[in-house]
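# Summary of the model geometry
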Amino acid sequence: MNLRSGFRLRPTWLAAVCALVIVLVAPVMTASASAATTLTVAEALGAQDGRPGTVTGYVIGQPTASSTVIRSGFTADTAIAIADTSAETSTSRMLYVQVTTAYRSTFGLLSNPGLRGQRITATGTLAAYFAHGGLKTPTAMSLGGATPTPTPTPSATIPGGGYDSTYYATAMGKTGTALRNSLHSIIRSHTKLSYDRVWEALKDTDQDPANANNVILLYTGRSQSKSSNGGGPDDWNREHVWAKSHGDFGTATGPGTDVHHLRPTDVSVNASRGSKDFDLGGSAVAEAPGCYTDADSWEPRNAVKGDVARMIMYMAIRYEGTDGWPDLELNQAVSNGSAPYHGKLSVLLQWNQVDPPDAFEKRRNQVIYERWQGNRNPFIDHPEWATAIWG
């Protein structure tokens, strides 16, 4: 407004103009405040979908691989790992931050080894780095930063374990293909384990709640010493619930080492299951009470029917053929052979309903998220999503 000399606004006009200015400016101020929200490392790890973000955390060390962070003898200035506490030891709870040329002289650990243990704040793109939850292409990096207010501690009584407003924020309210695509984007970025490390992971994820020295075997339900893993007939080994021949992915890092579908099983029972699809019926399995099998299918005991269904569903959503691995899909067949399919869909949907997630399965999902891979099985948090996607 161009006010000529001598022109005076009446009080009522002045109030109206001020009110108009407040209405116009307020949304801009709100948007700016929202954009400046600082995330914890845990929240950033749950938002790995390419969105911009600002994260505050403590410098732990230099990442050199998806599950390796060195804390001394630094070799480069190109990346740092940060966490919500300076004493963090699990790489699954660390965010890998790319350090581009503009910031290396100040934030590279080779040049600044004393940076370890200090708090920093970084702004960039929340996307996988070193095949691990990360922040790439930083646009700002600074020392210090206020401690963000963390997401409330997850509760087993809250849908999604308390992750609906953070980890699953982009999936809420969706169904069908839109839900499927959103969940894939959420869970696809995770720490990849070697096949050797799977032994260590399973001893943690499948620990017997009543005996910390044992694991619970999937098909038999037997509690067995963690140290009795191996190849003997009564040892336990690593069962690929999505049979690795269904897509020919073997045991290479990727679907072959994804702990969300790997479980401890009796060696001979594992051999009996082989690469069969899942269905009802057959002859009783002597070593695994409650399990049945025939020439082309396997039926697990009632207590883990839902577990099996949700592991298979996770694999079908996580591996969509976009990252060099096969596009894994569910179908109605029980003779899929080496095709990247697993059945029987109608039976798996039924099992998901009749055997809802129990405390053991929920704990397992949480341990994988917090200590090993940094991603979740959404069908454990939201069993109803199976029907929303596959009908």
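Rules of the game
Residues numbered from 1 in each chain as written. Predicted model: local features only at pLDDT ≥ 70, side-chain atom pairs only at ≥ 80, totals over all residues. Heavy atoms only, no water. Helix = DSSP H or I, 4+ residues; strand = E, 2+ residues; numbered from the N terminus. Buried < 20%, exposed > 50% of the residue type's maximum accessible area, 1.4 Å probe, protein only. Contact = heavy atoms within 4.5 Å. Areas by Shrake-Rupley, 256 points an atom, 1.4 Å probe, with all protein chains shown as cover. Polar contact = N/O pair within 3.5 Å; in protein donor to acceptor, adjacent residues only side chain to side chain. Core = buried A, V, L, I, M, F, W, Y, C linked by side-chain atoms within 4.5 Å. Pairing = 2+ DSSP bridges. 1 Å grid on protein atoms, 1.4 Å probe; cavity = no way out; pocket = protein on both sides within 12 Å on 5 of 7 lines; lining within 4 Å. Points joined across faces, edges and corners; volume = space filled by probe spheres on them. Phe/Tyr/Trp six-rings, centres within 6.5 Å; stacked < 30°, edge-to-face > 60°. Salt bridge = Lys/Arg side-chain N within 4 Å of Asp/Glu carboxyl O. Axes fitted to C-alpha atoms, helices over the stretch in contact; angles between N-to-C directions. Parallel < 35°, antiparallel > 145°, perpendicular 65-115°, else oblique. Nonpolar A, V, L, I, M, F, W, Y, C, P; charged D, E, K, R; others polar.

### Section: the overall build of the chain
Across its full length, the chain holds eleven helices and 18 strands. The buried share of the chain, reckoned over its 391 residues, is 50%. Of the contacts formed within the chain by residues at least 6 apart in sequence, a portion of 64% connects residues at least 24 apart. Put simply, the chain shows about 16,900 Å² of open surface, and 56% of that area lies on carbon and sulfur atoms.

### Focus: the environment of Thr-123
Topologically, Thr-123 is positioned in strand S6 (residues 119–126). The partly exposed category is assigned to Thr-123, whose relative accessible area is 23%. Distance from Thr-123 to Val-97, taken between C-alpha atoms, is 9.6 Å for residues 26 residues apart in sequence. Other than its neighbours up to four places away in sequence, Thr-123 contacts Gly-53, Thr-54, Leu-135, Thr-137, Pro-138, Thr-139 and Ala-140. Of note is the side chain of Thr-123, whose polar atom sits 2.8 Å from the side chain of Thr-54.

### As for helix H5 (residues 195–205)
Buried residues of H5: Tyr-195, Val-198, Trp-199, Ala-201, Leu-202, Asp-204 and Thr-205, and no others. In this structure, the buried side of H5 is in contact with strand S8 (207–208), strand S9 (211–216), strand S11 (236–240), strand S12 (262–266) and helix H9 (359–372).

### Some words on the nonpolar core
Ranked by size, the top nonpolar core spans 43 residues in total, and within it Leu-183, Phe-278, Met-313, Leu-330, Phe-379 and Trp-390 carry the most contacts. Those elements giving two or more residues to this core turn out to be helix H4 (176–187), helix H7 (305–318), helix H8 (345–354) and helix H11 (384–390). It is H7 that contributes the most residues to this core, nine residues altogether. Look past the residues within four positions of Phe-379 in its chain and what remains in contact with it is Leu-183, Arg-310, Met-313, Tyr-314, Ile-317, Pro-357, Trp-385, Ala-386, Ile-389 and Trp-390. Leu-39, Val-59, Ile-120 and Leu-126 belong to the second-largest nonpolar core, a separate cluster that totals 22 residues.

### Quick look at the pairing of strand S5 (residues 95–98)
Across the two faces of S5 the burial is the same, with Leu-95 and Val-97 and Tyr-96 and Gln-98 all buried. Relative to S5, strand S4 (residues 79–83) runs antiparallel, the two being bridged by four bridges. Residue pairing in the sheet places Ile-80 in a bridge with Val-97 of S5. Where S5 meets strand S7 (residues 134–143), two bridges bridge the pair, whose relative direction is parallel. Note that in S7 the partner of Val-97 across the bridge is Leu-135.

### Overview of empty space enclosed by the protein
Following the criterion strictly, the structure yields three cavities of 30 Å³ or more and no others. Lining the largest cavity, in full, are His-260, Arg-263, Asp-307, Met-311, Glu-361, Arg-364, Asn-365, Ile-368, Asn-377 and Ile-380. Breaking the lining of the largest cavity down by element, the ones donating at least two residues are H7 and H9. When residues of the lining of the largest cavity are assigned to their parent elements, the largest contribution, four residues, is made by H9. Of the voids in this model, the second largest cavity is the one considered here, and its volume is about 40 Å³. Every residue along the wall of the second largest cavity is listed here: Leu-45, Ser-92, His-132, Gly-133, Ser-189, His-190, Thr-191, Gln-373 and Gly-374.

### Here's the deal with the packing of aromatic side chains
Inspection of every chain in the model, using the stated rule, returns eleven aromatic pairs. Measuring from centroid to centroid gives 5.5 Å for Tyr-167 and Tyr-369, while their planes differ by 75°, and the two rings are edge-to-face. Here Tyr-369 lies in helix H9 and Tyr-167 lies in the loop between S7 and H4, a separation of 202 residues in the sequence. Each member of the pair Tyr-167 and Tyr-369 is classed as buried. For the pair Phe-278 and Trp-351, a centre-to-centre distance of 6.4 Å together with 70° between the ring planes defines the contact as edge-to-face.

### Observations concerning the pattern of salt bridges
Taken as a whole, this structure holds 16 salt bridges when the rule is applied. Within this structure, Arg-180, Glu-320 and Glu-329 form a network of salt bridges that share partners.

### Describing the packing of H4 against H7
One way to put it is that H4 packs onto H7 with a least axis distance of 8 Å and a crossing angle of 90°. Classified by the angle between their axes, H4 and H7 sit roughly perpendicular to one another. Contacts between H4 and H7 pair Arg-180, Leu-183, His-184 and Ile-187 from the former with Tyr-314, Ala-316, Ile-317 and Arg-318 from the latter. Counted by class, the contact of H4 with H7 contains five nonpolar, one polar and two charged residues.

### Here we look at the sheet that holds strand S10 (residues 223–225)
If you walk across this open sheet you meet the three strands as S8-S9-S10, and the pairing is antiparallel. Among the strands making up the open sheet, the edge pair consists of S8 and S10. Bridge count between S8 and S9: two bridges; the pairing is antiparallel. When the sheet's bridge partners are listed, Asp-208 is paired in S9 with Asn-211.

### Topic: the sheet that holds strand S13 (residues 277–278)
Spatially, four strands are ordered S13-S16-S15-S14 in an open sheet, and the strand pairing comes out mixed. Single-partner strands in this sheet number two, and they are S13 and strand S14 (283–284). Note: strand S15 (residues 292–293) against strand S16 (residues 297–299), two bridges, orientation antiparallel. Each residue of the ladder has a partner; that of Tyr-292, found in S16, is Glu-299.

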